[in-house]
Amino acid sequence: MFRPQTYRSITFACSSRSATTVLEVIVSITMLMAALTLSLPLILHNERLLIEQRNYRLALDELSNQLDRLTPTSREELSLALEQLTVSPFVAERLPGAALTAELNPIDAGQRLILSLTWQDPNEHKVALAAWLFQDTTFAPSPTR
Amino acid sequence: MKNPVSTRNAVSLTELLFVLSMCTLVLSMSGVLLQRVMRIESTSRAFTDSERSCTRLSHQLRDDIHQAVSAELVSVTTAEGVFVRLQQLNEVSVEYGRKADRLQRTIRKANEIVARDEFIIPRFATVAIRRLQAPDRIVLLIAPPSLAAATDADRQLQSYRAIPVGVEIEATLRQLPATSAQREQGS
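Cut-offs used in this document
- Residues numbered from 1 in each chain as written.
- Chains lettered and ligands numbered in written order.
- Predicted model: local features only at pLDDT ≥ 70, side-chain atom pairs only at ≥ 80, totals over all residues.
- Helix = DSSP H or I, 4+ residues; strand = E, 2+ residues; numbered from the N terminus.
- Buried ≥ 20, exposed ≤ 12 C-beta atoms within 10 Å, placed from the backbone.
- Contact = placed C-beta atoms within 7 Å.
- Pairing = 2+ DSSP bridges.
- Axes fitted to C-alpha atoms, helices over the stretch in contact; angles between N-to-C directions.
- Nonpolar A, V, L, I, M, F, W, Y, C, P; charged D, E, K, R; others polar.

Peer 1: So what's going on with the overall build of chain B? Which residues, and what values?
Peer 2: Across its full length, chain B carries three helices and eight strands. Split into buried and exposed, the 187 residues of chain B put 21% on the buried side. Looking at chain B alone, contacts between residues at least 24 apart form 41% of all its contacts between residues at least 6 apart.

Peer 1: Break down the sheet that holds strand β4 (residues 102-109) of chain B for me, citing the residues and quoting the values.
Peer 2: Residue and element names in this part refer to chain B. In space, the five strands of this open sheet follow the order β1-β2-β3-β4-β5, with antiparallel pairing throughout. Because the sheet does not close on itself, it has two edges, and the strands there are β1 (70-73) and β5 (112-120). Geometrically, the sheet is characterised by an average inter-axis angle of 15° between neighbouring strands, direction not taken into account. Here β1 runs beside strand β2 (residues 82-87); their pairing, made up of four bridges, is antiparallel. Considered in β2, the bridge of Ala71 is made with Leu86. Lying over the sheet, helix α1 (residues 13-67) contacts β1, β2, β3 (92-99), β4 and β5, oriented at roughly 140° with respect to β5.

Peer 1: Describe in detail the interface of chain A and chain B, supporting the description with residues and values.
Peer 2: Taken residue by residue, the interface counts 27 residues in chain A and 33 residues in chain B. Secondary-structure elements contributing two or more residues to the side of chain A that touches chain B are α1 (3-15), α2 (22-70) and α4 (89-94) of chain A. With 18 residues, α2 of chain A is the single largest residue contributor to the side of chain A that touches chain B. The residue makeup of the side of chain A that touches chain B, split by class, is 12 nonpolar, nine polar and six charged.

Peer 1: I'd like to hear about the pairing of β4 of chain B, residue by residue, with values.
Peer 2: Residues and elements named next belong to chain B. Where β3 meets β4, eight bridges bridge the pair, whose relative direction is antiparallel. Residue pairing for β4: Glu95 is matched across the bridge by Thr106. In sequence, β3 turns back onto β4 through a hairpin of two residues, with Ala100 there showing a positive phi of about 50°. The sheet contact formed by β4 and β5 spans eight bridges and is antiparallel. Directly across from Thr106, in β5, lies its bridge partner Arg116. What sits between β4 and β5 in their antiparallel hairpin is a turn of two residues, with Ala110 showing a positive phi close to 55°.

Peer 1: How would you explain the sheet that holds strand β8 (residues 167-172) of chain B if you had to name every residue and give the values?
Peer 2: On the basis of which strands lie adjacent, the open sheet formed by three strands has the order β6-β7-β8 (chain B) and antiparallel pairing. The sheet terminates laterally at β6 (126-132) and β8 of chain B, the two strands that pair on one side only. Across this sheet, the average inter-strand angle for adjacent strands is 10°, counted without regard to direction. Where strand β7 (residues 137-143) of chain B meets β8 of chain B, six bridges bridge the pair, whose relative direction is antiparallel. Following the sheet pairing, Arg137 of chain B is matched in β8 of chain B by Thr172 of chain B. In the packing of α2 of chain A onto the sheet, the strands contacted are β7 and β8 of chain B, and the crossing angle to β8 of chain B comes to about 20°. With respect to the sheet, α1 of chain B is in contact with β7 and β8 of chain B, its orientation differing from that of β8 of chain B by roughly 20°.

Peer 1: Describe the environment of Leu113 of chain A, and please don't skip the residues or the numbers.
Peer 2: All names here are of chain A. Assignment of secondary structure puts Leu113 in strand β2 (residues 111-118). For the pair Leu113 and Ala130, spaced 17 residues apart in the sequence, the C-alpha separation amounts to 5.5 Å. Apart from residues no more than four positions distant in its own chain, Leu113 is found in contact with Leu70, Ala102, Leu104, Ala130, Ala131 and Leu133.

Right, here's the structure in full:
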């Protein structure tokens, strides 16, 4: 007399339950922890990527500034200017261990000047810009990396 | 005899507290993750905007200075905050001025404004321009104020978040010989 009524009520309660079981909560926590663990390296990597991009832009600007200053100088003054080549204080402050090197090679109609900038970086980045110096000091810089 | 545990339709207080605390933990961690992701997205967007603006300014200023036949650094503060005026051929002049969080580039032809352009910079960034000799060149420096110099917290935060750290643009004035400049001016 009592049993069928109890069975129906239990069936109804199970089909329309509005609570969560302990197992479900544990599974969701595990999944969330996994998502957090995976996202943490991505967050760190994103910050490193932004810094790298900023450093690359700073290096490119520095090389453009140096080439802009060097290309109008005469051939006699150029060798002296290359010997005294130093990184600007602005970039030295922002790129640790920045070092500038120059390479001057003769080409058919003039000279090819390559400026390279390196700095302390885990990936050992190196940015180089080249300019072609002719008699009328026209130039054509091109970025290479 | 039927097992009473299998047919119970209630939860104990311990179970309820455990599930509630676990749910709170899940919600808190989800909230932190969401907030972190949204902040990264915002920072990355601001960074990309600033970088693009700096790169555009670098190219544009370099190009304008190379095309200029003369340059004048404006020390008197004007309404438009002009700090450099570059005179080009055919009565064209290019002015760069600062207005709060942007640099404004104005092109004039015979004193009539023909074009404007804007470059976003950090609000509290310092803008300095100077002219150097041998060779004759112009140096524009944009840098956020140092953390030590900043006094209030909001300014410190702005300085900390000021990405990129700054830009230094140095371009040489390629002055044309007077005869060729006059010839091109007349053409």
